[in-house]
Amino acid sequence: MDPILNIENVTKTYGNVPNQTKALNGITFQVMPGEFLGIMGSSGSGKSTLLNCIATVIQPTGGSIVMEGRSLTSLSGKALAEYRGKNIGYLFQNFELLDNLTGRENILLPTSLHNMPEKDSSLRLKQLAEYLEITDVLDRFPMQMSGGQRQRVAAARAMILHPKIILADEPTGALDSKNAKKVMEKLSGLNQQEQATILMVTHDSNAASFCKRILFIQDGVLFHELRRGEESRRDFYERILKVMAQLGGGSCNVL
Ligand code: ADP
């Protein structure tokens, strides 16, 4: 099986001499179809920089990022926007929903931008809304929803076009532990039932325990990998905590 994403020796340096910060220092890894991969590290370790490079929000200084054989670092302008819009779903810490659109309109926005036929989009919307338990908030505006509902609406928007990969940046960061758990259960379910490929950056060990594999980053370098085996989520969580303790980080959440 070919990887969906191939990250090869990616570096990112901010600023100019003498005020340079080397945020990524040679990152190499692959994401396989159907994976639920977490990237963990303490604050300032380079997680957001890495995700932003993959999301093509910023250009890496060196290395290559190839998605299904296409070099994302060499695409630009309209071709990049088109490729990104169709193939990558985004989930952000602060949901990034448009306040003046209802839940339904927010979710359907990518379908009109990318000409998805209406009968396909309404069927997909119905399926996702039922699964994500947001059917009854579809006609509300984001301000009329709880944080958990907003993030599940954002997840439906991210999934509506059947993207090749979901990039999630601290998706539980703005949620209380109960809502965070529900969002993670739903993401994990989409990964298992639809083989959705998810790459999630988080510093929350509890959220990370839903992943199948975790890469740990420190000072812009990957230094450890954990794979979830046959163990329970609690046991995986304990293993994650041990690695995070080595990083000087921790988790304020409990299972
Ligand atoms: P994390 O997401 O793990 O907290 P970041 O990727 O945000 O880490 O940051 C990695 C390093 O790069 C840090 O030292 C940070 O201060 C630095 N950095 C991040 N963004 C910028 C920027 N726009 N300009 C200069 N330095 C930056």
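Residues numbered from 1 in each chain as written. Predicted model: local features only at pLDDT ≥ 70, side-chain atom pairs only at ≥ 80, totals over all residues. Heavy atoms only, no water.

Summarising the model, the protein chain shows a mean pLDDT of 93, and 97% of its residues fall at 70 or more. Scored below 50 in pLDDT, residues 249-255 shows 19 contacts in the model against residues more than four places distant or in partner chains. (pLDDT = per-residue confidence, 0-100. Contact = heavy atoms within 4.5 Å.)

In this structure the tally under the stated criterion is one cavity of 30 Å³ or more. Here the largest cavity is characterised by a volume of approximately 40 Å³. For the largest cavity, the full set of lining residues is Ser177, Ala180, Lys181, Met184, Asp204, Asn206, Ala207 and Phe210. For the lining of the largest cavity, the element with the most residues is helix H6 (residues 177-193), which contributes four residues. Residue composition of the lining of the largest cavity, by class: four nonpolar, two polar and two charged. (1 Å grid on protein atoms, 1.4 Å probe; cavity = no way out; pocket = protein on both sides within 12 Å on 5 of 7 lines; lining within 4 Å. Points joined across faces, edges and corners; volume = space filled by probe spheres on them. Helix = DSSP H or I, 4+ residues; strand = E, 2+ residues; numbered from the N terminus. Nonpolar A, V, L, I, M, F, W, Y, C, P; charged D, E, K, R; others polar.)

Our next topic: the pairing of strand E7 (residues 165-169). Among the five residues of E7, five are classified as buried, and the element is accordingly described as predominantly covered. On E7, burial covers both faces: Ile165, Leu167 and Asp169 on one face and Ile166 and Ala168 on the other are all buried. Bridging between strand E6 (residues 88-91) and E7 involves four bridges; their strand directions are parallel. The residue bridging leucine 91 from the neighbouring strand is alanine 168, located in E7. Bridging between E7 and strand E8 (residues 198-202) involves four bridges; their strand directions are parallel. Directly across from isoleucine 166, in E8, lies its bridge partner isoleucine 198. (Buried < 20%, exposed > 50% of the residue type's maximum accessible area, 1.4 Å probe, protein only. Pairing = 2+ DSSP bridges.)

Counted as a void, the largest pocket has a volume near 440 Å³. Along the walls of the largest pocket sit 17 residues, with Gly85, Ile88, Tyr90, Pro110 and Arg157 positioned nearest its centre. Residue classes in the lining of the largest pocket are distributed as eleven nonpolar, three polar and three charged.

Residues in close proximity to the ligand include Tyr14, Thr21, Ala23, Ser42, Ser43, Gly44, Ser45, Gly46, Lys47, Ser48 and Thr49, which together make up its full environment. With respect to the ligand, the side chain of serine 48 contributes an N or O atom lying 2.7 Å from an oxygen atom. Out of a free accessible area of 560 Å², the ligand has 58% covered by protein chains. At the level of elements, strand E2 (21-31) and helix H1 (47-54) are the ones that each hand at least two residues to the shell around the ligand. (Near = heavy atom within 4 Å. Polar contact = N/O pair within 3.5 Å; in protein donor to acceptor, adjacent residues only side chain to side chain. Areas by Shrake-Rupley, 256 points an atom, 1.4 Å probe, with all protein chains shown as cover.)

A sheet is described by the order of its strands in space; here four strands give the open sequence E2-E1-E4-E5, paired in antiparallel fashion. At either margin of the open sheet sits one strand with a lone partner, and together these are E2 and strand E5 (70-71). Against the sheet, H1 engages strand E1 (5-14), E2 and strand E4 (62-67), with an angle of about 60° to E2. (Axes fitted to C-alpha atoms, helices over the stretch in contact; angles between N-to-C directions.)

Turning our eyes to something else, we now look at helix H3 (residues 103-113). Those residues of H3 that sit buried are Gly103, Asn106, Ile107, Pro110 and Thr111. Each buried residue of H3 sits inside an arc of 150° when the element is viewed along its axis, so together they form one side. Seen from the open side of H3, the exposed residues pointing more than 90 degrees away from its buried face are Ser112 and Leu113. Structurally, H3 contributes buried residues whose contacts are with helix H4 (118-132) and helix H5 (147-159). Just downstream of H3 lies asparagine 115, where phi reads positive at about 55°. (Arc of directions from axis to C-beta.)

On to H1. Side chains three or four residues apart in an α-helix point the same way, a direct result of the helix having 3.6 residues per turn. For H1, the buried fraction is high: six of the eight residues fall into the buried class. Looking only at H1, the buried set comprises Lys47, Thr49, Leu50, Leu51, Cys53 and Ile54. Two residues or fewer past H1, threonine 56 is found with a positive phi of approximately 60°.

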